[in-house]
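Spelled out from the first residue to the last, the chains are:
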Amino acid sequence: MTRSQHAAPLPALSVVGLGYVGCVSAACFAARGHDVVGVDVDEHKAELLRSGRSPIVEERINEIVADGVRSGRLRIVADTQAAVSATDVTLVCVGTPSAPNGSLSTVFLERACADIGAALAAKRSWHVVVFRSTMTPGTCEGLLVPALERASGKRAGVDFGVCINPEYLREGTSVRDFESPPKTVVGESDPRSGDVVMGLYEGMPGPRFRVSIAVAEMSKYVDNSFHALKVAFGNEIGAVCRAAGLDSHQVMDVFLADTKLNISPAYLRPGFAFGGSCLPKDLRALVHTARRHDVDVPLLANVIPANDAHLRRAVDLVVACGRRRVALMGLSFKPGTDDLRESPLVELAERLIGKGYDLRIYDANVSVSRLVGANREHIAEHLPHIGQLLTDDLDEVLAHAEVFIVGSAAPEIAVAMTGIDDRAVVDLVRMADADTRRGSANYVGIGW
């Protein structure tokens, strides 16, 4: 587990908070050759570690702790300021419990920052404060960095560094997860600090990301929320399968075998609402099946309402533009097709017309004269006057609109959007130049 020899000595680390994350981090970094100084307000926990015993039950942790203490690479002290003064990098691993209303309690983080900042005030060497505690986006830069600056009299990113380094340690396999992380994420106040923190994981597997502090904070919540969603999804599927007399594990074996669409990046990029001939229809049928068997499936039952809420966000973005002449760029539920069945763009058009907007629609793949079958029936029900709104003449649409809703990534639409001067753009697909447009008063993305 120890890294190969380096020309420069490894940074000495202090670890504030020796619960699951702090204990595993301290012991495993000591095993990698770092001198580690741990500190915790719980004297019983600290005394166990001083004696070479782990305060947590975890595979292999006892032997790693014992080896670290025996070798002298892992020391436990009672004073945070002393620990910070003796090291180059401080890992903050204190708890961030939920308040009764679900908000984050930052009391332990704030106490740690006061002590760390006091130590920084007396330090002349560069020091990096690394938060491994889970916190909501904006907590570090809005609360903790100012606390460190007040206590130290110094400036973050100039006189000392600050990073967010989320942990991905599962209880029961945390040592293995430390040694083989799914990814390493460092949110940095400055490149110098990011170099130091990323260097702590040299030689470890997995992709690496150096991002803003707020993105790093958010990444942990996205992960855990998705894990919770997966558990709830699997359990609801199991309940429906049991009621229908099916073996849910056989069903999920089939589901999990698909790594192209199911267990993959597919469908996970933020964008507009889902639609089409399959997803809404099949989801409604599954929920109906569950209800027929008297099985409560609140997660599945609320997917379509959640989708509808996203559609309302798009309407609200258009309304916020404060202009009446609107162009909808794209109509089919998927680019390159003329399938309008349950297209969220058709629903968006219907709602805008209902609100009195002067709407024009461009989609080169959709022609009223060519619509047949369910496609024609869907349009007849939802947009009976589509013939007056739909055109394949880009120039006509460009001349009409004060607001452009980009609902398709078709190349000609992307080109047309490059020269629309000061008119508003509501982006539902994340155009290729979205990053350069962000921050403009005339551009808004639905999820970025």
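In this text the structure is predicted, and so the values were computed from the model without any measurement. Along each chain, residues carry numbers from 1 onward, in the same order as the chain's sequence is written. Owing to the predicted nature of the model, reporting of local features is limited to residues with pLDDT of at least 70; listing and counting of side-chain atom pairs is limited to 80 or more, with chain, interface and lining totals taken over all residues. To get the side-chain values, all heavy atoms of the structure are used, and hydrogens and water are removed first.

Enquirer: Let's hear about the packing of helix α9 (residues 213-243) against helix α10 (residues 248-256): which residues, and what values?
Expert: Two elements in contact, α9 and α10, have axes separated by 9 Å at closest approach and are oriented at 130°. With respect to α10, the axis of α9 lies oblique. Seen from above, α9 lies across α10 with right-handed handedness. Every residue of α10 that contacts α9 at Phe 233, Ile 237, Gly 238 and Cys 241 is listed here: Ser 248, Val 251, Met 252 and Phe 255. Note on residue categories: nonpolar means Ala, Val, Leu, Ile, Met, Phe, Trp, Tyr, Cys or Pro, charged means Asp, Glu, Lys or Arg, and polar means any other residue, Gly included. Its residues assigned to classes, the contact of α9 with α10 shows six nonpolar, two polar and no charged. Note on geometry: axes are C-alpha line fits, over the in-contact stretch for helices, and angles between N-to-C directions span 0 to 180 degrees. Only DSSP runs of H or I covering at least 4 residues are called helices, and only runs of E covering at least 2 are called strands; the numbering of each starts at the N terminus. Angles are sorted into four bins: roughly parallel if under 35 degrees, roughly antiparallel if over 145, roughly perpendicular if 65 to 115, and oblique for all others. Crossing handedness is defined as follows: a turn of the near helix away from the far one that is anticlockwise and smaller than a right angle gives a left-handed crossing, while the clockwise case is right-handed. By definition in these notes, contact holds between two residues if any of their heavy atoms fall within 4.5 Å.

Enquirer: Break down the pairing of strand β6 (residues 161-164) for me, citing the residues and quoting the values.
Expert: Burial of the side chains of β6 extends over both faces: Gly 161 and Cys 163 are buried on one face and Val 162 and Ile 164 on the other. Seen with its strands pointing away from the viewer, a crossover is right-handed if its path from the first strand over the helix to the second goes clockwise. In this fold, the crossover linking strand β5 (residues 128-131) to β6 by way of helix α6 (residues 139-152) has right-handed handedness. In this structure, β6 lies alongside strand β7 (residues 184-188), joined through two bridges in antiparallel fashion. Bridge assignment links Cys 163 to a residue of β7, and that residue is Glu 188. A 1.4 Å probe rolled over the protein chains alone gives each residue an accessible area, and that area as a share of the maximum for its type sets the label: buried under 20%, exposed over 50%, partly exposed in between. A pair of strands is treated as paired once DSSP finds two or more bridges between them.

Enquirer: Account for the side chain of Asp 427, naming residues and giving values.
Expert: Following the sequence through the fold, Asp 427 ends up in strand β13 (residues 424-427). Neither His nor the chain termini are counted; the positive set is Lys and Arg, and the negative set is Asp and Glu. Just to be clear on terms, a salt bridge is a Lys or Arg side-chain nitrogen sitting within 4 Å of an Asp or Glu carboxyl oxygen. Arg 437 is the oppositely charged side chain nearest to the buried, salt-bridge-free Asp 427, at an N-O distance of 6.5 Å. Each polar contact in these results corresponds to two N or O atoms within 3.5 Å; when the atoms are within protein, one needs to be able to donate a hydrogen and the other to accept it, and residues that are neighboring in sequence are counted only if both atoms are side-chain atoms. One polar contact links the side chain of Asp 427 to the main-chain amide nitrogen of Val 429, over a distance of 2.9 Å. Contacts of Asp 427, omitting those with residues within four sequence positions, involve Val 406, Ala 434, Tyr 443, Val 444, Gly 445, Ile 446 and Trp 448.

Enquirer: A description of the sheet that holds strand β4 (residues 89-92) should follow, citing residues and the corresponding values.
Expert: Taken together, eight strands build an open sheet; the order of strands is β3-β2-β1-β4-β5-β6-β7-β8 and the sheet is mixed. At either margin of the open sheet sits one strand with a lone partner, and together these are β3 (74-77) and β8 (208-211). Strand-to-strand twist of the sheet, defined as the mean angle between neighbouring strand axes without regard to direction, takes the value 25°. The pairing of strand β1 (residues 13-16) with strand β2 (residues 36-39) spans four bridges and is classified as parallel. Looking at β2, one finds that Ser 14 is bridged to Val 37.

Enquirer: Kindly report on the pattern of salt bridges, identifying the contributing residues and their values.
Expert: In total, this model carries 21 salt bridges according to the counting rule given. Asp 177 is the salt-bridge partner of Arg 170, the closest N and O atoms lying 2.9 Å from each other. In this structure, Asp 282 and Lys 281 form a salt bridge, with 2.8 Å as the shortest nitrogen-oxygen distance. For Asp 282, a relative accessible area of 41% gives the class partly exposed.

Enquirer: Give a description of the UniProt feature "binding site: NAD(+)" (unreviewed entry) in the protein that names residues and reports values.
Expert: Mapped onto the present numbering, the UniProt feature "binding site: NAD(+)" (unreviewed entry) falls on Asp 40, Lys 45, Thr 96, Thr 134, Glu 171, Lys 281 and Arg 341. The greatest C-alpha distance among the annotated residues, which extend across 302 residues, is 61.3 Å, indicating that they are dispersed rather than converging on a single site. Look at Lys 281 and you get partly exposed, because its relative accessible area is 44%. UniProt positions are given in the numbering used here, feature names are shortened, and annotations may be inferred rather than shown by experiment.

Enquirer: Report on the domain arrangement of the protein, specifying residues and quantitative values.
Expert: Where each domain begins and ends is defined by an automated method or by a domain database. On domain assignment, one finds that the protein holds domain 1 (13-212) and domain 2 (305-445). The gap between the C-alpha centroids of domain 1 and domain 2 is 48 Å.

Enquirer: With reference to specific residues and values, describe the state of the cysteines.
Expert: Working definition: a disulfide is two cysteine sulfur atoms within 2.5 Å of each other. Inspection of the entire model under this criterion finds zero disulfides. No disulfide involves Cys 93; its sulfur sits 10 Å from the nearest other cysteine sulfur, which is in Cys 23.

Enquirer: Break down unusual backbone geometry for me, citing the residues and quoting the values.
Expert: The general pattern is negative phi for most residues beyond glycine and trans for most peptide bonds. Not every positive phi belongs to a glycine, and Arg 60 is a case in point at roughly 70°. Within the secondary structure layout, Arg 60 lies in the loop between α2 (43-50) and α3 (61-71).

Enquirer: Could you give an account of the environment of Arg 325, with specific residues and numbers?
Expert: One can find Arg 325 in strand β9 (residues 325-329). Spatially, the C-alpha atoms of Arg 325 and Ser 343 are 22 Å apart, while their sequence positions differ by 18 residues. Not counting the four nearest positions on each side in its chain, Arg 325 is found in contact with Asp 358, His 400, Ala 401, Glu 402 and Val 403. Within the structure, the side chain of Arg 325 is placed 2.7 Å from the backbone oxygen of His 400, a separation counted as a polar contact.

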